[in-house]
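Close look at the chain arrangement
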Amino acid sequence: MSKLLEVKDLKVSFDTYNGEVQAVRGVSFDLDKGETLAIVGESGSGKSVTSMALMKLLAGQGFIKEGQVLLEGVDLVKKSEKEMQKIRGKDISMVFQDPMTSLNPTMKIGNQIMEGLIKHQNMNRENAKKRAIELLNQVGIPQPEVRMNQYPHQFSGGMRQRVVIAIALACNPKVLIADEPTTALDVTIQAQILELMKEIQKEVDSAIIFITHDLGVVANVADKVAVMYAGKIIEMGTVDDIFYNPKHPYTWGLLGSMPTPDSTDEELYAIPGTPPNMLKPPVGDAFAPRNEFALEIDTVMEPPMFKVSDTHYAATWLLHPDAPNIEPPETVKQRMQGFANTGRKDGDK
Amino acid sequence: MTRYILRRLWYMFITLFIIATVSFFLMKMLPGSPLNAEDKLSESQKQIVLEKYGLNDPVPVQYAKYMGGLVKGDLGISFAFDNTPVTDILVDRIGPSALLGFQALVVGTLLGILLGLTASIFRNGPLDYTSTTIAVLGTSIPSFVFAGLLQYVFAVKLGLLPVALWGEFKHTILPTIALAIHPMATAARFTRTEMVEVLHSNYITTARAKGVTESGIIWKHGLRNALIPLVTVIGPMAVSLMTGSMVIEQIFAIPGIGEQFVTSVMVNDYPTIMGTTLMFAFLFVAIILVIDLLYGLIDPRIRLAGGSK
Amino acid sequence: MDNKNQNNIPKELFKPLVRKEDTSEKISSPSRTFWQDARRTLFSNKMAMFSIFILVAIILLSIFAPMFNEYGNDDQDLSRAKLPPRVPVLENVSWLGFDGTLSGKYTGNNVEAATAKAIARYDNNEDFIDIKVVSEGDGSRNSAEVKATYHIYDAKGLEDTYFWIGTDTLGRDQWTRLWLGTRVSLIIAFVAAAIDLLIGVSYGGISGFYGGRVDNILQRIVEVLVGIPNLVIILLMMLVLQPGIVSIVIALTITGWTGMARIVRGEILKVKSQEFVLAARTLGTPNGTIIRKHLIPNISGIIIINTMFTIPGAIFFEAFLSFIGLGIVPPDASLGSLIDIGFDNMSLYPYMLVFPAILISVIMIAFNIVGDGLRDAFDPKMHK
């Protein structure tokens, strides 16, 4: 059975003055209808670049070097810019990080929503207007008829993000990419937006790719989680796999660095150092220099994806049969225990 | 909004009042009177002439009379062109200047926008370098040098267009080009900078993610946002046109305001000099006001904020 | 995932890594100060560096070039008026136009008529005029054409005299006047820019730094001044003052400094509200130190840029004033007054216009390019 979206060995690079920066170095994942995949990682791990590459919206000197993006079996990498313009907004659409700047300041909200409808669904202005009002209603904006004729600066941050979501949902896309949609918002607004996205997913049955560095958000919305580091997915699994049974030391670090209400008396676990320079990716495991559990082999050879279970994979030599048996640090273990006790749905609270 | 406009009009009035007062007293400090040119008059004849110009009154009375006349649009009587009211001279001469200024502003701005747009779309390509070079030359080379070049090549050497004079459309071509070069360069540089910035903004990415075509990105989303700030440079442009018109009209012998000013300076015709100066000042202040109001009208972000930037 | 390879990995590699040195926190590119970055960006801008070179050359020439020959600024001699450019050695390359001849095309009904016209035009000095027939003509009106070349230096008995870029209508050496004129234009521009800088920075600095009531009063004054068009002020001042270098400088600077004052005030307000200044204040840093260590380094970029654009503006306005007869008084020359004279003689003696026009354009272009280069150099986004 073919999946809705399959990404195979995607490699993205940027040409810069200093040379080629390998931002994404072979990412593979797949996604079914109605499923939510969260891609997590720190800044510069390549998660945003991956999402832009899926839409072929790489800025400036970026280009897809290798790999396939199969949407219902059709490879988007091979599509021309003209063909992509027909796919963007219709089959795949996107919600951006900063709602303050992602709306055209000199265009009425209504027109910004209707633009996609008129283009992709051949609606006349009247029908497009009806649908736009419906969408504004759906994303919870009161008085949509009035709001249609207003400009972005008349909306608050949370309201603007709702508008951006309405624009993205206009043509019932098969895949919705949300690139840190709540990062720029207040915590209370964050929760509202997340609730909204979950509700809408139920109604529209889109697949959602959720890019975030906030594990709390992940626990709240995702079915599957992919952890990215230095342009690669280093661990992938269901939310349960990642939260209760993480295998990669980097995932341990991420979980350990996440504060929880009951973590007042324990120390947060900080990952030392910074991500590597992607201009010259290191030999072997890119995470090794920051990994306190690194093995000799990490400096020689890159670890392959080891299978933990049918749904769970991780790229660390610690899973090799010859590797010493290393347990996660005590704080992380306690954290995992905590998740298991409270149930994952409350993991973000 | 109405309060804002009223306040601006009040400021405009104050500014013009100050300019009129200062220039009136400056002119009074200057030597020279209508008599210089008419030396052979008897004492009684001189008195008659001075009486006619109101120059026998004490200075404060002259000032009050002059300001009173200003309100009615009366700028006094020219020293040089006997008996001709300055207002009539200016009205006579505003036509050619206005026509040239308008043609130059329209041609210059449109070409400039086109140049800047091309440069921003093909950034760092040969077209970009060409248009940037044109813009640097246009801002740097003084308009009178450019006018000389045009006159020499197209009129003197090739004989394609008239060297000077006024009357038909063909007479306006060379002076319009010479005047337009500076606004064009300004508009080109400005459009390029704004457009490059706009095309890198997040809302352009949003539009791309909606599937908007490249032409839609440039014309509908990009240019509109890039051009709104262009309104702010129309003020400086208009000033450079006024400055330019003085030399260009001189070079091409065009019977406009600028040429009148230079001639009046030569013959010390103070009422005309002052009238012209006041008109320049009025035009300048009025243009700035119109531009500020226009900016509020076309930029939705300012429209609701009450008009103040 | 080739499992075959994995099984061949020697077991000793699966030992915890013994770290020699932690290199992950090292910053890969060397750290440079803002000024070093700015200098690097400017030095790598070839156009700007070339323009600086040109400007230095022009400044040196304006100081020394008048000494290159024996002619003075006001050595009038009508017997040698309106001589075309003539340069030793280069005079043998006729197309360069430095051979000291006047030439033109003359038409008539037949060759004789055209020739007669040409000879009449060139002082009737038949012996020194070469006539080349371009077309014989058929007797109809102006069908014949001849090209006449007038060896005017020989005709005037000045075989051994060289005026490198010719003489003007009064027989003065254009080379000397051109560079003296450049000197005058540059002095006006530099002095005007320096005064703008001095008044503008102090006014804007006081206004921005002290803020409050001082700022309020100073800003009201500036607002009124800014409302009055520059052009109007300059023209009025020039009418009232005795024409000359000092008057031009006064006219240019009397309201010219307001631009700098506004920019400096705006920048200071911006920097002042930034966290690092707040932090310095919180730590009890005295005012003097804050100005020296934080404000000046942060606003000097924009001051330098603004000054760089004031200079070509002043050069233009001086030329403009001299051109409309309100600037430099004869016998002194400036680029503007030379261009003005050049225009009057354009069709017959184009060289009188060409050299000052080219020189002023080159100066303006070079200053603008250097200004653009500096703007890029002080823009952190442009640092590589």
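Residues numbered from 1 in each chain as written. Chains lettered and ligands numbered in written order. Predicted model: local features only at pLDDT ≥ 70, side-chain atom pairs only at ≥ 80, totals over all residues. Heavy atoms only, no water.

1. Details of the domain arrangement of chain A
All names here are of chain A. Split into domains, chain A comes out as domain 1 (5–222) and domain 2 (241–342). Listed as interface residues are 15 residues of domain 1 and, on the opposing side, 12 residues of domain 2. Together, Arg25, Glu42 and Leu215 form the three largest contributors to the area buried by domain 1 at its contact with domain 2, with a combined 53%. The interface formed by domain 1 and domain 2 holds 1 salt bridge in total. (Domains from an automatic or database assignment. Contact = heavy atoms within 4.5 Å. Buried area = accessible area lost by both parts, 1.4 Å probe. Salt bridge = Lys/Arg side-chain N within 4 Å of Asp/Glu carboxyl O.)

2. A look at the domain arrangement of chain B
How big an interface is tends to be reported as the loss of accessible area on association of its parts. When its domains are assigned, chain B resolves into domain 1 (34–74) and domain 2 (89–302). The gap between the C-alpha centroids of domain 1 of chain B and domain 2 of chain B is 40 Å.

3. A look at the interface of chain B and chain C
If you look at the interface, chain B gives 39 residues, while chain C gives 33 residues. When the two sides are added together, the surface that chain B and chain C hide from each other amounts to roughly 3100 Å², 84% of it contributed by carbon and sulfur. The largest per-residue losses of area from chain B upon contact with chain C belong to Ser140, Phe144 and Thr243 of chain B, which jointly make up 18% of the total buried on that side. Viewed at the interface, chain C and chain B are joined by 1 salt bridge. Taking the shortest distance from any N to any O, the salt bridge between Arg189 of chain B and Asp372 of chain C comes out at 2.4 Å. For the interface between chain B and chain C, the tally reads 2 residue pairs in polar contact (both at pLDDT 80 or more). Secondary-structure elements contributing two or more residues to the side of chain B that touches chain C are helix 1 (2–29), helix 5 (126–140), helix 6 (143–157), helix 10 (234–251), helix 11 (257–266) and helix 12 (270–298) of chain B. Looking at the side of chain B that touches chain C residue by residue, the classes come out as 29 nonpolar, 9 polar and 1 charged. (Polar contact = N/O pair within 3.5 Å; in protein donor to acceptor, adjacent residues only side chain to side chain. Helix = DSSP H or I, 4+ residues; strand = E, 2+ residues; numbered from the N terminus. Nonpolar A, V, L, I, M, F, W, Y, C, P; charged D, E, K, R; others polar.)

4. Digging into the pattern of salt bridges
All names here are of chain A. If you walk through the whole model with that rule in mind, you get 26 salt bridges over all chains. With its nearest N and O atoms 3.1 Å apart, the salt bridge here joins Arg88 to Glu81. A residue is classified by how much of its surface remains accessible, and Arg88, at 2% relative accessible area, is buried. Here Lys198 and Glu195 are joined by a salt bridge, their closest N and O atoms 3.5 Å apart. With Lys198 and Glu195 both in helix 7 (residues 187–204), this residue pair falls 3 residues apart, about one helical turn. If you follow the salt bridges from partner to partner, you end up with Lys3, Asp30, Asp32, Glu35 and Lys224 in one network. (Buried < 20%, exposed > 50% of the residue type's maximum accessible area, 1.4 Å probe, protein only.)

5. Side note on a positive patch on the surface
On the surface, a cluster of positive charge is contributed by Lys157 of chain B together with Lys105, Lys132 and Lys147 of chain C. Along the chain, Lys147 of chain C turns up in strand 3 (residues 144–150). (Patch = residues over 30% accessible without salt bridge, like charges linked within 9 Å, V, L, I, M, F, W, Y side chains within 5 Å. Areas by Shrake-Rupley, 256 points an atom, 1.4 Å probe, with all protein chains shown as cover. Lys, Arg positive; Asp, Glu negative; His and termini not counted. Charge placed at Lys NZ, Arg CZ, Asp CG, Glu CD.)

6. Details of the confidence of the model for chain B
Residues and elements named next belong to chain B. Summing up the model confidence of chain B, the mean pLDDT is 82 and the portion of residues at 70 or higher is 92%. Confidence, read as mean pLDDT per element, is least for helix 13 (residues 300–303) in chain B (66) and greatest for helix 8 (residues 202–209) (90). For residues 304–309, every residue scores under 50 in pLDDT, and the model assigns this stretch 11 contacts once sequence neighbours within four places are set aside. In the predicted assembly, ipTM is 0.83 and pTM is 0.80. (pLDDT = per-residue confidence, 0-100.)

7. A word on the confidence of the model for chain A
Close inspection of predicted coordinates is inappropriate in any region flagged by low pLDDT. A residue-level look at chain A finds 94% of positions with pLDDT of 70 or above and a mean pLDDT of 84. Low pLDDT (under 50) marks residues 344–349 of chain A, which in the prediction has 13 contacts with non-local residues, meaning those over four places away or in another chain.

8. Focus on the sheet that holds strand 1 (residues 5–16) of chain A
Residues and elements named next belong to chain A. Read across the sheet, 4 strands follow the order 2-1-4-5 without closing on themselves; strand pairing throughout is antiparallel. Two strands lie at the open edges of the sheet, namely strand 2 (19–31) and strand 5 (74–75), each paired on one side alone. Both strand 4 (residues 62–71) and strand 5 contribute to a ladder of 2 bridges, which runs antiparallel. Paired with Leu71 across the strands is Val74, a residue of strand 5. The strands touched by helix 1 (residues 47–54) within the sheet are strand 1, strand 2 and strand 4, with strand 1 carrying the most contacts at an inclination of about 110°. (Pairing = 2+ DSSP bridges. Axes fitted to C-alpha atoms, helices over the stretch in contact; angles between N-to-C directions.)

9. Focus: helix 8 of chain B
Of all the positions in helix 8 of chain B, only Tyr203, Ile204, Thr206, Ala207 and Ala209 of chain B are classed as buried. Structurally, helix 8 of chain B contributes buried residues whose contacts are with strand 6 (92–95) of chain A together with helix 7 (169–199) and helix 9 (214–227) of chain B. Of the residues trailing helix 8 of chain B, Gly211 of chain B is marked for its positive phi of about 95°.

10. Notes on the nonpolar core
In summary, soluble globular proteins display a tendency toward joint burial of nonpolar side chains. In terms of nonpolar packing, the biggest core is built from 125 residues, with Phe144 and Met246 of chain B together with Leu235, Ile315, Phe320, Ile324 and Ile363 of chain C touching the most fellow members. Sorting elements by how many residues they give to this core places helix 14 (residues 351–377) of chain C first, with 13 residues. Both domains that meet at this core, namely domain 1 (34–74) and domain 2 (89–302) of chain B, each give it at least three residues. Ignoring anything within four residues of it in the chain, the contact list for Ile363 of chain C reads Leu55, Ile58, Thr182, Leu186, Ile315 and Leu335 of chain C. One finds Ile165, Ile167, Leu215 and Ala286 of chain A within the second-largest nonpolar core, a separate group that totals 59 residues. (Core = buried A, V, L, I, M, F, W, Y, C linked by side-chain atoms within 4.5 Å.)

11. So, the interface of chain A and chain B
Between chain A and chain B, the residue contacts involve 26 residues of the former and 20 residues of the latter. Buried area between chain A and chain B, both sides added, is near 2000 Å², and the carbon and sulfur share of it is 58%. The largest contributions to the chain A side of the interface with chain B come from Pro105, Thr106 and Glu115 of chain A, which together make up 27% of the buried area. Scanning the region where chain A abuts chain B turns up 2 salt bridges. Residue Glu115 of chain A is joined to Lys210 of chain B by a salt bridge in which the shortest nitrogen-to-oxygen separation is 2.8 Å. The interface formed by chain A and chain B holds 14 residue pairs in polar contact (both at pLDDT 80 or more) in total. Counting residues per element, the ones that place at least two in the side of chain A that touches chain B are strand 6 and helix 3 (109–120) of chain A.

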